[in-house]
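Secondary and tertiary structure notes
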Amino acid sequence: MFYDPRSEPHGLAHNPWTALVVPRPIGWVSTLSDSGDANLAPYSFFNAVSGNPPFVMFSSAGRKDTQRNAETTGEFVVNMATAELMGAMNASSAVLGPEVDEFSLAGLEKAQCHNVSAPRVSASPVAIECVLNQVVTMTTRNGTRAASQVIIGEVVGIHIADEVIVDGVLDIRKMRPLSRLGYMDYSVIDEVFAMDRPS
Ligand SMILES: Cc1cc2nc3c(=O)[nH]c(=O)nc-3n(C[C@H](O)[C@H](O)[C@H](O)COP(=O)(O)O)c2cc1C
């Protein structure tokens, strides 16, 4: 099949788009509002977009609390969502007022960050402290449809739990990161193989 999403219906029972580029890592983003309220929400249009120096991005469909806080305070933290934390991650995606602390709602403890004021998820094995770099609005070429906004962050601190470092490398089987597939589907990464590059 082929369809042009600008003008043609896909003709399937459900929109296939989010099932096509998979798996997507889940950026579980914690922020503080200008009045100091903690906020936590998952974003699966998320990725690392540069290695050295490291940068990350997530995209917000509308100016949600996370984006507003990131813009207001100039910082955010990306926590890794793991298989163990899937229930809490899902609970934190509820649409709630900016004054609601999703850490409390999801029964999560906060831990302090080093270089930003926003808290991180204590139980998450990886947390990435970021300062806001830029916000990019994606608009269609003919300018008629404004899509999501991409929030880009420069990484200024990285927490890794000692328990997931084995012989100097991160052990993915211990971390068991959760990733987003299409529809309401998820997967857990717990199988790994290595492949050398051609010389
Ligand atoms: C696994 C998962 C991934 C999500 N990814 C996104 C995303 O990439 N962009 C987005 O705008 N919303 C996404 N959402 C929805 C937000 O988490 C939800 O709208 C949330 O209430 C936003 O919270 P906030 O207003 O505190 O930022 C996702 C939800 C789930 C459960």
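Residues numbered from 1 in each chain as written. Predicted model: local features only at pLDDT ≥ 70, side-chain atom pairs only at ≥ 80, totals over all residues. Heavy atoms only, no water.

The protein chain carries the name Flavin reductase (DIM6/NTAB) family NADH-FMN oxidoreductase RutF in an unreviewed UniProt entry, which gives Primorskyibacter sedentarius as its organism.

**Topic: the overall build of the protein chain**
Our working definition: Numbering of helices and strands runs from the N terminus, with a helix taken as a DSSP run of H or I at least four residues long and a strand as a DSSP run of E at least two residues long. All radius of gyration figures rest on C-alpha atoms, and the globule criterion is 2.2 Å times the number of residues raised to 0.38. Only protein chains enter the accessibility calculation, which uses a 1.4 Å probe; a residue is then buried when its area is under 20% of its type maximum, exposed when over 50%, and partly exposed in between. Residues count as neighbours in contact if any of their non-hydrogen atoms are within 4.5 Å of one another.
Of the regular secondary structure elements, the protein chain holds four helices and 14 strands. For the protein chain, whose C-alpha radius of gyration is 18 Å, the value lies close to the compact-globule estimate of 16 Å for 199 residues. Principal-axis analysis of the C-alpha atoms gives the protein chain an extent of 50 × 50 × 35 Å. Looking at the 199 residues of the protein chain, the share that counts as buried comes to 40%. Restricting to contacts in the protein chain with at least 6 residues of sequence separation, those with at least 24 account for 58%.

**Quick word on the state of the cysteines**
Formally: Any two cysteine sulfur atoms within 2.5 Å of one another count as a disulfide.
By the definition in use, this model includes zero disulfides. Cys113 takes part in no disulfide bond, and the closest cysteine sulfur to it belongs to Cys130, at a distance of 9.5 Å.

**Considering the sheet that holds strand S14 (residues 186–188)**
Think of a sheet as strands paired side by side through backbone hydrogen bonds, with each pair either parallel or antiparallel. For clarity, the threshold we go by: Any two strands between which DSSP finds at least two bridges are classified as paired.
Strand order across the open sheet formed by three strands is S1-S13-S14, with antiparallel pairing between neighbours. At either margin of the open sheet sits one strand with a lone partner, and together these are strand S1 (24–25) and S14. Where S1 meets strand S13 (residues 178–180), two bridges bridge the pair, whose relative direction is antiparallel. Bridging across to S13, Pro25 finds its partner in Ser179.

**Let's talk about the side chain of Glu75**
What counts is decided by this rule: Counted charges follow a simple rule, with Lys and Arg positive, Asp and Glu negative, and His plus the chain ends left uncounted. By salt bridge we mean one thing: a side-chain nitrogen of Lys or Arg within 4 Å of a carboxyl oxygen of Asp or Glu. Contacts described as polar in this section are N or O atom pairs within 3.5 Å, which, within protein, must combine one atom able to donate a hydrogen with one able to accept it, while residues neighboring in sequence count only if both atoms come from side chains.
The topology assignment puts Glu75 in strand S6 (residues 75–80). Buried charged residue Glu75 carries no salt bridge. Nearest counter-charge: Arg120, at 12 Å. Within the structure, Glu75 has its side chain in polar contact with the backbone nitrogen of Ser117 (distance 2.6 Å). Separated by 3.0 Å, the side chain of Glu75 and the backbone nitrogen of Ala118 make a polar contact.

**Some details on the UniProt feature "domain: Flavin reductase like" (unreviewed entry) in the protein chain**
This is how the line gets drawn: UniProt positions are given in the numbering used here, feature names are shortened, and annotations may be inferred rather than shown by experiment.
Taking the UniProt record as the reference, the feature "domain: Flavin reductase like" (unreviewed entry) is found at residues 19–180. Here residues 19–180 runs as 14% helix and 44% strand, with 9 Å between its end C-alpha atoms.

**A short note on the pairing of strand S5 (residues 55–60)**
Counting buried residues in S5 gives six out of six residues, a clear majority hidden from the surface. Bridge analysis of strand S4 (residues 46–50) against S5 gives four bridges, and the strand direction is antiparallel. Note on S5: the bridge partner recorded for Phe46 is Phe58. Here S4 folds back onto S5 in antiparallel fashion, the turn holding four residues. Where S5 meets strand S10 (residues 146–160), six bridges bridge the pair, whose relative direction is antiparallel. Considered in S10, the bridge of Ser59 is made with Val150.

**Section: the sheet that holds S5**
Filter applied, for reference: Structural elements are reduced to axes, namely lines fitted to C-alpha atoms, with helices fitted over the stretch in contact, and the angle between N-to-C directions of any two is expressed from 0 to 180 degrees.
Sheet architecture is open: seven strands sit in the order S3-S2-S6-S9-S10-S5-S4, paired in antiparallel fashion. The two strands at the open ends of the sheet, each matched to only one other strand, are strand S3 (38–43) and S4. With strand direction ignored, the average angle separating the axes of adjacent strands in the sheet is 35°. Each of strand S2 (27–32), S3, S5, S6, strand S9 (126–139) and S10 touches helix H1 (residues 65–73); the most contacted strand, S2, lies at about 50° to it.

**What to know about the layout of surface pockets**
The condition is simple: Cavities and pockets were defined on a 1 Å grid built over protein atoms only: a cavity is a set of grid points that admits a 1.4 Å probe from which the probe cannot escape, a pocket is an open set flanked by protein on both sides within 12 Å along at least five of seven lines, and lining residues are those with an atom within 4 Å of any such point. Grid points are joined across faces, edges and corners, and a volume is the space filled by probe spheres set on the points. Ten residue types, Ala, Val, Leu, Ile, Met, Phe, Trp, Tyr, Cys and Pro, are classed as nonpolar, four, Asp, Glu, Lys and Arg, as charged, and the remainder, Gly among them, as polar.
Considering only enclosed or pocket space, the largest pocket measures out at about 690 Å³ in volume. Those elements giving two or more residues to the lining of the largest pocket turn out to be S3, S5, H1 and helix H2 (86–91). When residues of the lining of the largest pocket are assigned to their parent elements, the largest contribution, four residues, is made by S3. Residues of the lining of the largest pocket, tallied by class, amount to 14 nonpolar, 11 polar and five charged. Lining of the second largest pocket is provided by 16 residues; of these, Pro5, Arg6, Thr140, Arg145 and Ala147 occupy positions nearest its centre.

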